[in-house]
Amino acid sequence: MTEKKTHVLDVPGAVLTYDVREAAAPSDEPTLLMIGLPMGAEGFTTLASHFTDRTVVTYDPRGVERSTRTGAPGIADHADDVHRVIEAVGGGPVDLFASSGGALVALDLAARHPGDLRTVVAHEPPLPSVLPDRAAMVAALTDIHDTYQTKGFGAGMAKFIALVMARGELTADYLDQPDPDPAVFGLPTEDDGNRDDLLLGVNMRLLAQYEPDWTAVRASASTPLIAVGEDTNDEMTGRSSRAAAALLDAEAVVFPGGHGGFSGGEYGQPADKPVEFATRLREVLAR
């Protein structure tokens, strides 16, 4: 794979930064786009390195790392951004691997811009709308947002970590438990006054409200494959992945590792299973 080339793209309400890694040799394989939310391009560095036989494109969503934003973007805004990036790199259909919140963007893109896509792998979409405990989950997400607004990053992120670690259905009294201590997670206990965090300040409300257009998703020629990590149990992303796959009359495709199974430790966390994950992704894209 050649060295990545970085580009910027002016779009309404944002300036997007994206990277293109050309194939090491001429290739007939479609471009492979890797997206996350709120994770940016850096998180796909290891995974991209396993696909030297095709062009790989990664990008920072608006408001993440190198990309700027104004206002509070919705899932449709992010999907339109991905559509514009695809057009900027030569148009579709591309293969799309989408992680976490990026998987929600992939579902929206498949519904509204199906011609952009060949194969879509939506890995562990966080979708409270498909869960039986939707009301309790929405209340928890709203509480995280409100805690961030009133107490700052550490307090809000501690509640977010506790929520994503919770297994099984939430009960109606979930919010009655004591607030988690940010210090336990290595988070700051003091409020720095910053309220620009995309995950806590915007995405918590997006997750609480977003419901894909399942009719349009099913009608898309690139009906997404919903993927789940083999190490993800009954946490929210595992439960919503399996439920979303069922809505598409399928079973979730199992990948090595957990929610970040493709991670090579780009953000300082231990690597998961990036080699095995890349092998599995190659198998799925070849179907």
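Since we're looking at a predicted model, the values are computed, not measured.

Some points on the layout of surface pockets
(1) Moving on: Estimates place the volume of the largest pocket at around 1300 Å³.
(2) Moving on: If you go around the largest pocket, you meet 41 residues; those closest to its centre are Ser100, Phe160, Val164, Leu199 and His259.
(3) Moving on: Where the lining of the largest pocket is concerned, the elements lending two or more residues are helix H3 (101-112), helix H5 (153-165), helix H6 (198-209) and helix H8 (236-247).
(4) Moving on: Of the residues forming the lining of the largest pocket, the biggest block, 6 residues, is contributed by H5.
(5) Moving on: Broken down by class, the residue content of the lining of the largest pocket amounts to 21 nonpolar, 15 polar and 5 charged.
(6) Moving on: When its volume is computed, the second largest pocket comes out at roughly 180 Å³.
(7) Moving on: Of all elements in the fold, only helix H4 (134-151) and H5 reach the threshold of two or more residues within the lining of the second largest pocket.

Quick word on the environment of arginine 280
(1) Moving on: Position of arginine 280 among the secondary structure elements: in helix H9 (residues 274-285).
(2) Moving on: Residue class for arginine 280 comes out partly exposed when judged on its relative accessible area of 22%.
(3) Moving on: C-alpha separation for the pair arginine 280 and aspartate 95, spaced 185 residues apart in sequence, amounts to 14 Å.
(4) Moving on: Those residues in contact with arginine 280, other than ones at most four positions away along the chain, are Val253, Val254, Phe255, Pro256 and Arg287.

Considering H9
(1) Moving on: Its 12 residues give H9 an end-to-end C-alpha distance of 16 Å, which sits within 8% of 16 Å, the value for a rise of 1.5 Å per residue.
(2) Moving on: Listed in full, the buried residues belonging to H9 are Pro274, Phe277, Ala278, Leu281, Val284 and Leu285. The buried residues of H9 occupy an angular sector of 125° when the element is viewed end-on, so they sit on one face.
(3) Moving on: Check the buried side of H9 and you find it contacts strand E3 (32-35), helix H1 (45-48), strand E6 (94-99), strand E7 (117-123), strand E8 (225-229) and strand E9 (253-255).

A word on the environment of alanine 135
(1) Moving on: As for its position among the elements, alanine 135 is in helix H4.
(2) Moving on: When its relative accessible area of 62% is taken as the criterion, alanine 135 is described as exposed.
(3) Moving on: When the C-alpha atoms of alanine 135 and arginine 62 are compared, they prove to be 29 Å apart, with 73 residues separating the residues in sequence.

About the criteria used
- Residues numbered from 1 in each chain as written.
- Predicted model: local features only at pLDDT ≥ 70, side-chain atom pairs only at ≥ 80, totals over all residues.
- Heavy atoms only, no water.
- 1 Å grid on protein atoms, 1.4 Å probe; cavity = no way out; pocket = protein on both sides within 12 Å on 5 of 7 lines; lining within 4 Å.
- Points joined across faces, edges and corners; volume = space filled by probe spheres on them.
- Helix = DSSP H or I, 4+ residues; strand = E, 2+ residues; numbered from the N terminus.
- Nonpolar A, V, L, I, M, F, W, Y, C, P; charged D, E, K, R; others polar.
- Buried < 20%, exposed > 50% of the residue type's maximum accessible area, 1.4 Å probe, protein only.
- Contact = heavy atoms within 4.5 Å.
- Expected span 1.5 Å × (residues − 1).
- Arc of directions from axis to C-beta.

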